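Summary of structural features
Spelled out from the first residue to the last, the chains are:
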Amino acid sequence: MIKKMQLPLQTMNLVLGFMVWVIISALLPFIREDIPVPADRVAILTAIPVVLGSVLRIPLGYYANIVGARVVFIVSFIALLFPVYLISSASTFTHLVVGGLFLGIGGAVFSVGVTSLPKYYAKEKLGLVNGIYGMGNLGTAVTTFAAPVIATQIGWSRTVQLYLVLLLIFAGLNVFLGDRKEVMVRTPIMEQIRGVYKNDKLWYFSLFYFITFGSFVAFTVYLPNFLVTHFELAKVDAGLRTAGFILLATLMRPIGGFLADKFKPLFLLMGVFIGLTGAAILLAFSPSIGLYTVGCLTIAVGAGLGNGIIFKLVPLYFNKQAGIVNGIVSMMGGLGGFFPPLLLSFIHSVTGQYAIGFMALSQVALASFIIVVWMYFQDKLSVSSKVFNSTGQGILVTDPNGKIHAVNPAFTALTGYTEEEVVGRNPSILKSGRQSKDFYTEMWTEIAERGSWQGEIWNRRKNGEEYLELLTINAVKDETGDIIHYVGTFSDITEQAAAGRATARTT
């Protein structure tokens, strides 16, 4: 029963974490009425919770494996009491900065669930499971929409104090409903990092999540104030529109994970980045509120789908190091939410518009699309390479002139020759001398006419031992019909042939 509770419990934990994470950005229009916040520091104040919320994702993901998600969630919610109380009683910009920094703990708990929950489900369901957990992003929508509404009734300070009650309630829920028997993984953190940091896919996934989750966070923290100042919308209206953006992106996340369970994730990511590229170009032209809404909603769909797809890919490529990789990738996503608001603010202060910033997003998304295409074809080559290296039959590939281009490990096991010893040489080094010249003439004539040949042939190993092999040779042609390779596959049938002859003699 406790194990079945982990997905809904941890998802609700994430909802609360994200609710706390965006308190400042959601209530900033109200806070600025009481506390002077210079216009050039608004972006810094709204982005600063993202810093700790990103960096802490690595240790929180790691300790979720060491002590279990239950303990990490409890400690995190208790630790959040301090910054929430400080913000509720803030009277200076410094109080907001310090409290905002430690609000990052709420965003950091994301890596706890993506590390813990895969222990309870089959690999084929991880896309959907991580997508459902990722719906905890709704916490940002809840705060963005509800906090301004409540603040109009009781004030922003008392609104923030309500979060203290929620944090205590959820700390208690985790005490009683958290899994005390969760499977632990105690590999030292540096050993895990050394095992993955040289893997290119780790940094590709980090870039992809930097864009998808970064876009989600950036628009979440920037839209409320942007809509009020740029389009002169009412504060509650701006909060409602931002909540709609968050809701759509969040609902897309489990859909992205579900689709990634059913279809090729890399194909899906190609569509995501094409969509983000087009939407960012649209926003770059500073359209009317109607077209701006279309562009933002397209960003929401692409970001949500991408977030779900990426956390299906992580356990596929990093099964044994999923905890640390989830932490690194999610950290990069969080940082993706930190830099865009600052960049947009800087660009606006210099140029008076946001076009350059949105065009930069479109170009990074387009570059990511190209990388995903490259990864897809690299994966296909990788599969071919694994088949080539793992098959039990010897394989020998030559160029059209008969010079050996590549051999597989089974070739070395059967003949005794290493790849270094045979590449660039002619397969005649294997000749035993038993076949006549006419035999080879007929063999190559058949290959020229039919494109393939199969038969038995005596060859010689490196140590001089002769053996009988069943050999198949195929000509590989390009699109124009020209031969580019010959591929020979063979197996040792000496013992089978000897057994067959012995049987024939006895009968």
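Structure shown above.
Our subject in this report is the structure included herewith. For clarity, every value in this text was computed on a predicted model and none was experimentally measured.

**A look at the overall build of the protein**
Along the backbone of the protein there are 22 helices and five strands. Taken along its principal axes, the extent of the C-alpha atoms in the protein is 100 × 55 × 35 Å. Counting across all 507 residues of the protein, residues that qualify as buried make up 50%. Counted over contacts in the protein with a minimum sequence separation of 6, partners at least 24 positions apart contribute 73%. Here the protein has roughly 22800 Å² of accessible surface; of this, 64% comes from carbon and sulfur atoms.

**Topic: the sheet that holds strand β5 (residues 483-492)**
Taken in spatial order, the five strands of this open sheet run β2-β1-β5-β4-β3, and their pairing is antiparallel. Lying at the two open borders of the sheet, with one neighbouring strand each, are β2 (404-407) and β3 (452-460). Taken pair by pair, the neighbouring strands of this sheet meet at an average axis angle of 25°, ignoring direction. Judged from the five bridges that link them, strand β1 (residues 394-398) and β5 form a sheet pairing that is antiparallel. Residue pairing in the sheet places Val397 in a bridge with Val487 of β5. On the sheet, helix α21 (residues 437-450) packs against β3, β4 (466-477) and β5 and is oriented at approximately 150° with respect to β3.

**Some details on the packing of aromatic side chains**
Applying the stated criterion to the full structure yields 23 aromatic pairs. Each ring, one from Phe219 and one from Phe358, has its centre 6.4 Å from the other, and the planes form 40°; the classification is tilted. In this pair, Phe219 sits in helix α13 (residues 200-230) while Phe358 sits in helix α18 (residues 355-390), placing the two residues 139 residues apart along the sequence. For Phe219, a relative accessible area of 8% puts it in the buried group. On the basis of relative accessible area, Phe358 is assigned to the buried category, the value being 6%. Ring centres of Phe411 and Phe490 lie 5.9 Å apart, and the angle between their planes is 80°; this geometry places the pair in the edge-to-face category. Here the residue Phe411 occupies a position in helix α19 (residues 409-415), and Phe490 occupies one in strand β5, the gap between them amounting to 79 residues. You can call Phe490 buried: its relative accessible area is 3%. Ring pairs connect the aromatic residues Phe18, Trp21, Phe110, Tyr133, Tyr209, Phe213, Phe216, Phe219, Phe245 and Phe358, which therefore count as one cluster.

**Thoughts on the environment of Lys431**
Take Lys431: it is sitting in the loop between α20 (419-422) and α21. For Lys431, a relative accessible area of 42% puts it in the partly exposed group. Sequence spacing of Lys431 and Val294 is 137 residues, and the spatial spacing of their C-alpha atoms is 70 Å. Beyond its immediate sequence surroundings of up to four residues, Lys431 is in contact with Tyr440, Asn459 and Arg460.

Procedures and definitions
- Residues numbered from 1 in each chain as written.
- Predicted model: local features only at pLDDT ≥ 70, side-chain atom pairs only at ≥ 80, totals over all residues.
- Heavy atoms only, no water.
- Helix = DSSP H or I, 4+ residues; strand = E, 2+ residues; numbered from the N terminus.
- Buried < 20%, exposed > 50% of the residue type's maximum accessible area, 1.4 Å probe, protein only.
- Contact = heavy atoms within 4.5 Å.
- Areas by Shrake-Rupley, 256 points an atom, 1.4 Å probe, with all protein chains shown as cover.
- Pairing = 2+ DSSP bridges.
- Axes fitted to C-alpha atoms, helices over the stretch in contact; angles between N-to-C directions.
- Phe/Tyr/Trp six-rings, centres within 6.5 Å; stacked < 30°, edge-to-face > 60°.

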